[in-house]
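# Notes for the structure review
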Amino acid sequence: MNSGDVDFIVRNARIYTVDPGFGVADGMAVTGGRIVAVGDSGGIGARFRAARELDAGGACIYPGFIDPHSHFLLYGLTLRMVDLVGSRSWEEVIGRVQDQQRADPSPWAVGRGWDNNLWPSPEFPSREKLDAAFPDLPVLLVRIDGHAAVANAAALALAGVDADTRVAGGEVLRKAQSPTGVLIDKAIDLVKNVIPKPDRHARQQALLRAQANCLAVGLTTVSDAGTDLEDALLMDSMHRTGQLQVRIYTMLRDSDANLGDFLAKGPYLTDRLSIRSIKVFADGALGSRGALLLEPYADDPANLGLQVTPTARFEEICRRAAAAGYQVNAHCIGDAAVRLALDIYGKFQEPGQDRRWRIEHAQVVDPRDLPKFGRFRVIPSVQSTHATSDMKWAAKALGTRTKNAYCFQELLQQNGWLPNGSDFPVESINPVLGFYAAVARKDLGGQPEGGFQMENALTREQALRSMTIWAARASFDEANRGSLEIGKWADFVMLDRDLMRVPEPELPAAKVIRTFIAGAAVYGS
Ligand SMILES: [Zn+2]
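Scope of this entry: the structure provided in the associated data block. (Residues numbered from 1 in each chain as written. Predicted model: local features only at pLDDT ≥ 70, side-chain atom pairs only at ≥ 80, totals over all residues. Heavy atoms only, no water.)

With that out of the way, let us pick up the sheet that holds strand β4 (residues 27–31). Across the sheet, four strands lie side by side as β5-β4-β1-β6; this open sheet has mixed pairing. Two strands bound the open sheet, and with one partner strand each, they are β5 (34–39) and β6 (48–55). On average, each strand axis in the sheet is tilted by 25° relative to the strand beside it, whichever way the strands run. Looking at chain direction, strand β1 (residues 4–11) and β6 are connected through seven bridges and run parallel. Across the sheet, I9 pairs through a bridge with E53, a residue of β6. (Pairing = 2+ DSSP bridges. Helix = DSSP H or I, 4+ residues; strand = E, 2+ residues; numbered from the N terminus. Axes fitted to C-alpha atoms, helices over the stretch in contact; angles between N-to-C directions.)

This part takes up the sheet that holds strand β23 (residues 492–495). Strand order in the open sheet formed by six strands is β3-β2-β7-β23-β24-β25, with mixed pairing between adjacent strands. The open sheet has two edge strands, β3 (24–25) and β25 (520–523), and neither has a second partner. Strand direction decides the pairing type here: strand β7 (residues 60–63) and β23, joined by four bridges, are antiparallel. What sits directly across from I61, in β23, is M494.

Attention now moves to the side chain of S277. You can see S277 is positioned in strand β18 (residues 273–281). Taking relative accessible area as the criterion, S277 reaches 0% and is therefore assigned buried. Within the structure, S277 has its side chain in polar contact with the side chain of Y249 (distance 3.3 Å). For S277, the side chain forms a polar contact with the side chain of N329, separated by 3.4 Å. (Buried < 20%, exposed > 50% of the residue type's maximum accessible area, 1.4 Å probe, protein only. Polar contact = N/O pair within 3.5 Å; in protein donor to acceptor, adjacent residues only side chain to side chain.)

What follows is about the pairing of β5. One ladder, built from five bridges, connects β4 with β5; its direction is antiparallel. By the bridge assignment, A29 is partnered in β5 with A37. Between β4 and β5, which follow one another and run antiparallel, lie two residues, and G32 among them has a positive phi close to 60°.

Our next topic: the packing of helix α10 (residues 311–324) against helix α11 (residues 335–347). Where α10 contacts α11, the two axes come as close as 10 Å, and the packing angle between them is 40°. Between α10 and α11, the angle is such that the two are oblique. Considering the relative orientation of α10 and α11, their crossing is right-handed. On α11, the residues that touch T311, F314, E315 and C318 of α10 are L340, A341, I344, Y345 and K347. (Parallel < 35°, antiparallel > 145°, perpendicular 65-115°, else oblique. Left-handed = near helix turned anticlockwise from the far one by under 90°. Contact = heavy atoms within 4.5 Å.)

As a packed pair, helix α7 (residues 200–216) and helix α8 (residues 229–240) sit with axes 11 Å apart at the nearest point and diverge in direction by 65°. α7 and α8 meet at a crossing whose hand is right-handed. Touching R200, R203, Q204, L207 and L208 of α7 are E230, D231, L234, M235, S237 and M238, all from α8. Class assignment of the residues belonging to the contact of α7 with α8 gives a composition of five nonpolar, two polar and four charged. (Nonpolar A, V, L, I, M, F, W, Y, C, P; charged D, E, K, R; others polar.)

Here we take up unusual backbone geometry. Trans is the common state for peptide bonds, and a negative phi is the common state for residues other than glycine. Geometrically, the link from F424 to P425 is a cis peptide bond, its omega value of 10° lying close to zero. Summarising the element assignment, P425 is placed in the loop between β22 (420–421) and α16 (431–440). Residue P448 is bonded to the preceding Q447 through a cis peptide linkage, with omega at -10°. Inspection of the secondary structure assignment puts P448 in the loop between α16 and α17 (460–466). Phi at R289 is positive, roughly 60°, even though this residue is not glycine. Mapped onto the elements of the fold, R289 is located in the loop between β18 and α10. Look at R289 and you get buried, because its relative accessible area is 16%.

Shown next as structure tokens:
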């Protein structure tokens with residue numbers, strides 16, 4: 001007997017529903033963008049009359065991937081910047097900027113993605129060669145992690161940065177009473193602030209470019225970890241016109257302009273956009289030695305890193321977020337930053353409350369602090385590819401503390417769940433690479449052979465949950481997405497291989513065949 005007409009039925013699939021029992025189905029019925037049945041396709045075919053049928057040809061289907069910590073707009077903008085990722089020397093970095101300026105001259109040269117850990121001599125570069133190559137054109141080249149940058153003399157002059165410049169939460173590196181050009185954390189903003197902001201049209205184009213690439217790798221929800229209110233509202237308007245389909249979870253930057261009157265009105269939520277959290281930087285990053293540590297760096301005994309947001313300001317943001325029903329998502333890399341955030345969050349815990357305040361990255365955690373995640377119900381929001389990108393050099397910075405870093409399984413155990421993202425464009429946007437890094441803890445060359453600190457690997461089921469249902473839960477969206485269950489949005493992705501069963505070396509090559517959001521095909525034919 002028919003129980004009704006539906007828009008379409010999926011059959012002949014291996015559907016990982018990621019429901020509480022991790023059930024597998026072979027059919028699904030969708031109407032009005034939502035799932036109305038999932039299970040045995042024979043039974044579904046008998047119950048529903050469908051306008052269309054989708055034969056998956058035996059392919060695997062998963063809930064649409066959710067990246068709980070990424071930089072969606074920035075990624076779109078970086079697609080237009082000079083791409084410095086993978087450059088093998090400072091000379092190659094400068095050469096890439098010269099090539100781009102020859103091909104497409106612009107009044108500011110902005111590049112992103114250099115990583116001195118990949119160079120023959122991994123010390124920070126300085127601006128002499130950059131000044132020689134670009135005596136007049138202002139240039140700003142941001143490190144892969146976004147926490148260090150090199151500016152040339154022309155850019156420093158426009159920003160008014162000189163040997164006397166001091167900045168809270170950042171540093172202007174100097175040699176012989178003169179800036180070397182290297183700027184750390186908040187000091188980068190001095191230069192960034194004088195670069196003309198891309199206009200609305202350029203930002204729209206960046207969002208569209210970013211969306212096309214994200215849908216092609218199966219992401220149906222992304223995040224924007226550090227959004228200005230005007231950009232969040234731009235995303236909202238592009239959702240309304242249908243230009244943007246991808247769902248976006250924003251984290252508002254903690255500027256007064258963003259928080260002002262808007263915060264007091266409470267969370268702003270649509271089907272596709274969520275504005276309900278504030279991003280705070282507790283510290284910098286490990287690669288630029290700006291992560292705040294309890295004990296000095298192993299290779300820099302005078303350096304404890306940087307506290308980027310003063311404690312009083314951090315607490316004020318927490319107070320305002322608590323009053324407005326917002327999450328606080330604090331960037332914490334070093335063990336001292338993690339402790340600072342946990343202890344502040346702890347002051348705001350009240351029985352029965354479900355704030356889901358988050359620690360983004362939680363990269364180095366003193367073992368004594370681990371239980372506070374469970375006690376205060378703080379959500380560690382991790383990136384498994386950071387472990388496999390950093391594993392080659394982390395010990396230089398951390399020494400024996402490396403064993404306290406990237407401890408994803410231990411963090412998972414604190415609350416019983418764990419969101420896992422990519423931090424793109426710091427890492428690749430491809431969620432399959434995050435899945436592989438979480439379970440294998442190896443680089444793409446299969447190294448190290450036994451995996452890196454394997455006691456903190458995730459199982460395949462945990463890894464899939466971390467980028468679907470647990471990622472949804474980290475943004476209060478688990479009732480609407482993150483699994484393929486009746487009543488939820490039909491956000492799903494079809495892959496050419498079975499992430500649960502293929503041999504581990506094959507995982508990174510998994511390709512997306514089709515991506516659906518709310519039952520609409522948004523990628524693939
Ligand atoms: Zn980030």
